[in-house]
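Summary of the model geometry
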Amino acid sequence: MSSFLSGRTIMVTGATSGIGYETARQLAECGATVLLHGRTPDEARAAVKRLLATADVDAELLRPCAADFSRLDEVERLANRVIIGHPHLDVLVNNAAVAAPEQHTVTPDGNELAFQVNFLAHYLLTHLLEPVLTTDPGGRVVNVSSSMHRTASIMWNDPNRTRRYSRTAAFAQSQLALTVFAADPRVTAVSVDPGVCETALRPLYGPEGATPAEGAAHVVRLCDPAVEIVNGAYYDRGRRMEPAVGATEERTVKRLNRLADQLVGHCV
């Protein structure tokens with residue numbers, strides 16, 4: 001078992017299935033302590049149990065944690081628990097995602113579901129965890145994005161898409177926001193498209209995809225402190241590429257921050 005991540009603590013959101021689950025497995029197999037996030041405590045504990053039964057992983061390295069990202073108060077409570085339990089976090093992998101539903105759906109916080117779960121919850125979590133996210137070399141945030149961000153536009157005056165809703169456009173908007181967020185100068189972050197994989201999101205893309213483990217390998221590589229990154233960089237699987245035009249512009253980043261602060265209910 002490779003141990004190049006030994007001594008590092010990494011949190012993976014949406015780690016109970018798909019790319020998140022495989023990312024957690026590969027990170028733990030490389031020696032990292034992994035905070036494995038699920039929507040509910042039961043789901044997170046079940047994922048840990050499954051990993052211990054099927055992978056060569058030390059039980060001490062897996063720490064289940066939970067929050068339903070459609071409820072921002074749960075995100076805040078999760079951040080508080082992480083800060084108390086883990087005063088030093090090397091990497092945050094913002095991976096949790098839902099396909100936007102067929103019907104326009106709003107969370108209890110009043111935000112369109114995909115925009116909140118895929119972007120706003122991660123925006124809030126990242127900033128709340130800033131006190132423990134290390135500023136040491138190698139410390140970083142990895143946003144799991146998608147090539148669909150290239151087809152998107154952020155509807156600044158109607159981010160919840162109440163006037164014109166399409167599930168594909170709503171999902172793409174959430175991925176563009178996540179990609180723009182990686183260029184926020186307040187955090188050292190990159191975004192990565194792990195490629196089309198056989199996960200719950202695959203029907204949005206096409207008939208078939210790679211295995212979740214193949215997608216996860218591209219995420220894990222970016223968690224390696226030996227891999228140097230530039231803030232705001234975008235990776236298409238293993239290759240650094242230019243993201244959508246304007247995605248790293250300072251004006252766009254600031255505008256998104258203002259919008260997100262407003263929608264999460266307070267300035268972070």
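Our structure's up above, just so we're on the same page.
A brief structural summary. Values in this document were obtained by computation on a predicted structure and should not be read as measured data.

Examining the nonpolar core
Counting 51 residues, the largest nonpolar core has Met 11, Phe 69, Leu 78, Phe 119, Leu 125 and Leu 129 as its most contacted members. Of all elements in the fold, only helix 3 (72-85), helix 4 (113-128), helix 5 (167-181) and helix 7 (250-264) reach the threshold of two or more residues within this core. Among the elements that line this core, the one with the most residues is helix 4, at 10 residues. Residues contacting Met 11, with those up to four places away along its chain left out, are Leu 35, His 37, Cys 65, Leu 78, Val 82, Leu 89, Val 91, Leu 92, Val 93, Leu 125 and Leu 129.

Some remarks on the pairing of strand 5 (residues 140-144)
Counted residue by residue, strand 5 has five buried out of five residues, so it is predominantly covered. In strand 5, alternate side chains face the same way, and those of Arg 140, Val 142 and Val 144 on one face and Val 141 and Asn 143 on the other are all buried. Bridge count for strand 4 (residues 91-94) against strand 5 is four bridges, and the pairing is parallel. Residue Leu 92 lies in a different strand from strand 5, and its bridge partner there is Val 141. Since strand 4 and strand 5 lie parallel, the crossover through helix 4 that links them has a hand, and here it is right-handed. Pairing analysis gives four bridges linking strand 5 to strand 6 (residues 189-193), with the strands arranged parallel. Among the inter-strand pairings, Asn 143 is bridged to a residue of strand 6, identified as Ser 191. Crossover connection from strand 5 via helix 5 to parallel strand 6: handedness right-handed.

What about the pairing of strand 1 (residues 9-12)?
If a strand is regular, its side chains alternate between the two faces of the sheet. The alternating pattern of strand 1 places Thr 9 and Met 11 on one face and Ile 10 and Val 12 on the opposite face, and all of these are buried. Here strand 1 runs beside strand 2 (residues 33-38); their pairing, made up of four bridges, is parallel. Across the sheet, residue Val 12 finds its bridge partner in strand 2, namely Leu 36. With helix 1 (residues 18-29) bridging strand 1 and its parallel neighbour strand 2, the resulting β-α-β unit is right-handed. The pairing of strand 1 with strand 4 spans three bridges and is classified as parallel.

Notes on the packing of aromatic side chains
The full count for this structure, using the stated rule, is four aromatic pairs. A ring pair is formed by Phe 119 and Tyr 123, whose centres lie 5.8 Å apart and whose planes are at 55°; its orientation type is tilted. Pair noted here: Phe 119 and Tyr 123 are both in helix 4, with a separation of four residues, about one helical turn. Classification of Phe 119 as buried rests on a relative accessible area of 0%. A relative accessible area of 0% places Tyr 123 in the buried class.

Here's the deal with unusual backbone geometry
Even without being a glycine, Arg 161 presents a positive backbone phi close to 55°. Take Arg 161: it is sitting in the loop between strand 5 and helix 5.

Here we look at the sheet that holds strand 8 (residues 239-241)
Ordered in space as 3-2-1-4-5-6-7-8, the eight strands form an open sheet in which the pairing is mixed. For this open sheet the edge positions go to strand 3 (62-66) and strand 8, each flanked by a neighbour on one side alone. Within this sheet the neighbouring strands show an average axis-to-axis angle of 25°, counted without direction. Contacts from helix 5 reach strand 4, strand 5, strand 6 and strand 7 (234-236) within the one sheet, and its direction differs from that of strand 5 by about 160°.

Observations regarding the environment of Thr 179
Tracing the sequence through the fold places Thr 179 in helix 5. On the basis of relative accessibility, which here comes to 2%, the residue Thr 179 falls in the buried class. Placed 55 residues apart in sequence, Thr 179 and Tyr 234 show a C-alpha to C-alpha distance of 7.4 Å. Within the structure, Thr 179 has its side chain in polar contact with the backbone oxygen of Gln 175 (distance 2.8 Å).

Some remarks on the side chain of Asp 193
Within the fold, Asp 193 resides in strand 6. Only 3.5 Å separates the side chain of Asp 193 from the backbone nitrogen of Ser 147, close enough to count as a polar contact. If sequence neighbours within four positions are ignored, Asp 193 has contacts with Ser 145, Ser 146, Ser 147, Tyr 234, Tyr 235, Asp 236 and Arg 237.

Details of the packing of helix 3 against helix 4
Direction vectors running N to C along helix 3 and helix 4 enclose 35°, while the axes themselves pass 9 Å from each other. The two elements helix 3 and helix 4 meet at a crossing, and its hand is right-handed. Taking contact as the criterion, the partners of Leu 72, Val 75, Glu 76, Leu 78, Ala 79 and Ile 83 in helix 3 are, on helix 4, Gln 116, Ala 121, Leu 124, Leu 125 and Leu 128. Considered class by class, the residues forming the contact of helix 3 with helix 4 number nine nonpolar, one polar and one charged.

Definitions and limits used
Residues numbered from 1 in each chain as written. Predicted model: local features only at pLDDT ≥ 70, side-chain atom pairs only at ≥ 80, totals over all residues. Heavy atoms only, no water. Core = buried A, V, L, I, M, F, W, Y, C linked by side-chain atoms within 4.5 Å. Buried < 20%, exposed > 50% of the residue type's maximum accessible area, 1.4 Å probe, protein only. Helix = DSSP H or I, 4+ residues; strand = E, 2+ residues; numbered from the N terminus. Contact = heavy atoms within 4.5 Å. Pairing = 2+ DSSP bridges. Right-handed = clockwise from strand over helix to strand, strands pointing away. Phe/Tyr/Trp six-rings, centres within 6.5 Å; stacked < 30°, edge-to-face > 60°. Axes fitted to C-alpha atoms, helices over the stretch in contact; angles between N-to-C directions. Polar contact = N/O pair within 3.5 Å; in protein donor to acceptor, adjacent residues only side chain to side chain. Left-handed = near helix turned anticlockwise from the far one by under 90°. Nonpolar A, V, L, I, M, F, W, Y, C, P; charged D, E, K, R; others polar.

All we've got here are geometric facts, nothing functional implied.
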